[in-house]
Amino acid sequence: MKHLHLSLGLAGALWCASGAALAQPVVSYTRNGAPFADVRDDLKTAIESRGFVVDYQAQIGSMLERTGKDVGSAKPLYVDAQSLQFCSAQLSRRMMEADTANVVMCPFTLVVYTTVARPQQVVVAYRRPVRQGGSAASHAALRELDKLLDALAREAVGRK
C-alpha cells in the first residue's frame, strides 16, 4: 500500500509539472497602432528571410464573416485574421526522425489578427509545439520549433 501511495504521489507530481509546462499552450504578442497589413507582411518577411516559403495563407476572418449567417451568428469578431503556414525541411526531418508522431506539428502555423473589440491592436500568435512522452531528441526538436515560432512572432511585432 505504501508503494501505491508513493506511485500515485509521484504520478500526480509529474502530471502537475507537465501541466505547468502546458499552462501557456498559445503564445501571443501584440503591436499597437500599426496597420494589420504591415504586421502581416512583417511576419511573412520574417519567415521568408530565414529561407522558408509560406505555403498557404488562410483568410480566417473572411471565412467567419462569410459563413456567420449560415451558422446562426453574424457577430463580427475580427477586423482581419489570417494564418501563415510554412515548413522547414531540416527541422521537420529532425522532429520526425526523433518521433514519427511529430508529423502532427507540420505545417508550422502562425496567426495574425485584429479584433473588432481592439482594432488598434494587432496580435501575432502560435500554438506551442508540446507533446507528452517521447524521447529526449523529440523534445529537443520541439523546443527548437518553439524557439523558431517565438522568434518569428516577436520579429513581426518588433520585439527581437
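Here is a short report on the structure shown in this document.

### As for the packing of aromatic side chains
1) Next: If you walk through the whole model with that rule in mind, you get three aromatic pairs.
2) Next: Between Y78 and Y113 the ring centres are 5.6 Å apart and the planes differ by 80 degrees, which places this aromatic pair in the edge-to-face class. Taken together, the residues Y78 in strand β3 (residues 78–86) and Y113 in strand β4 (residues 108–115) connect sequence positions 35 residues apart.
3) Next: We classify Y78 as partly exposed; its relative accessible area is 30%.
4) Next: Here Y113 falls in the partly exposed class, since its relative accessible area comes to 24%.
5) Next: Note on F86 and F108: the rings are 5.5 Å apart at their centroids and 85 degrees apart in plane angle, and the pair reads as edge-to-face.

### Remarks on the pairing of β3
1) Next: Summarising burial for β3: seven of the nine residues are buried, a large majority.
2) Next: Pairing of β3 with β4, which is carried by eight bridges, proceeds in the antiparallel orientation. If you follow S83 over to β4, its bridge partner there is V111.

### Structural notes on helix α5 (residues 136–157)
1) Next: Between its first and last C-alpha atoms α5 spans 32 Å; for 22 residues at 1.5 Å apiece the expected length is 32 Å, and the two agree.
2) Next: Considered for burial, the residues of α5 that qualify are S138, A141, L142, L145, D146, L148, L149, D150, L152, A153, A156 and V157.
3) Next: Next to the buried residues of α5 lie β1 (26–32), α2 (36–48), β3, α4 (89–98), β4 and β5 (121–127).
4) Next: Just downstream of α5 lies G158, where phi reads positive at about 85 degrees.

### Some details on α4
1) Next: Looking at α4, one finds that the buried residues are L91, S92 and M95. Angularly, the buried residues of α4 cover 100 degrees about the axis, an arc narrow enough to put them on a single face. When the buried face of α4 is taken as reference, the exposed residues oriented beyond 90 degrees from it are A89, Q90, R93 and E97.
2) Next: Considering only its buried residues, α4 is in contact with β4 and α5.

### Some points on the side chain of D99
1) Next: Take D99: it is sitting in the loop between α4 and β4.
2) Next: Separated by 2.9 Å, the side chains of D99 and R131 make a polar contact.
3) Next: If sequence neighbours within four positions are ignored, D99 has contacts with R131, G134 and S138.

### As for the side chain of S83
1) Next: In this fold, S83 is placed in strand β3.
2) Next: Apart from the residues lying within four places of it in its own chain, the contact partners of S83 are Y56, Q57, A58, I60, T109, L110 and V111.

### Topic: unusual backbone geometry
1) Next: In this structure, the amide linkage connecting C106 to the following residue, P107, adopts the cis form with an omega of -5 degrees.
2) Next: Positionally, P107 belongs in the loop between α4 and β4.

### Some points on a nonpolar patch on the surface
1) Next: On the surface, M63, L64 and L77 cluster together to form a nonpolar patch covering roughly 230 Å² of accessible area.
2) Next: The exposure class assigned to L64 is partly exposed, which follows from its relative accessible area of 33%.

Reading guide: rules and limits
Residues numbered from 1 in each chain as written. Predicted model: local features only at pLDDT ≥ 70, side-chain atom pairs only at ≥ 80, totals over all residues. Heavy atoms only, no water. Phe/Tyr/Trp six-rings, centres within 6.5 Å; stacked < 30°, edge-to-face > 60°. Helix = DSSP H or I, 4+ residues; strand = E, 2+ residues; numbered from the N terminus. Buried < 20%, exposed > 50% of the residue type's maximum accessible area, 1.4 Å probe, protein only. Pairing = 2+ DSSP bridges. Expected span 1.5 Å × (residues − 1). Contact = heavy atoms within 4.5 Å. Arc of directions from axis to C-beta. Polar contact = N/O pair within 3.5 Å; in protein donor to acceptor, adjacent residues only side chain to side chain. Patch = residues over 30% accessible without salt bridge, like charges linked within 9 Å, V, L, I, M, F, W, Y side chains within 5 Å. Areas by Shrake-Rupley, 256 points an atom, 1.4 Å probe, with all protein chains shown as cover. Salt bridge = Lys/Arg side-chain N within 4 Å of Asp/Glu carboxyl O.

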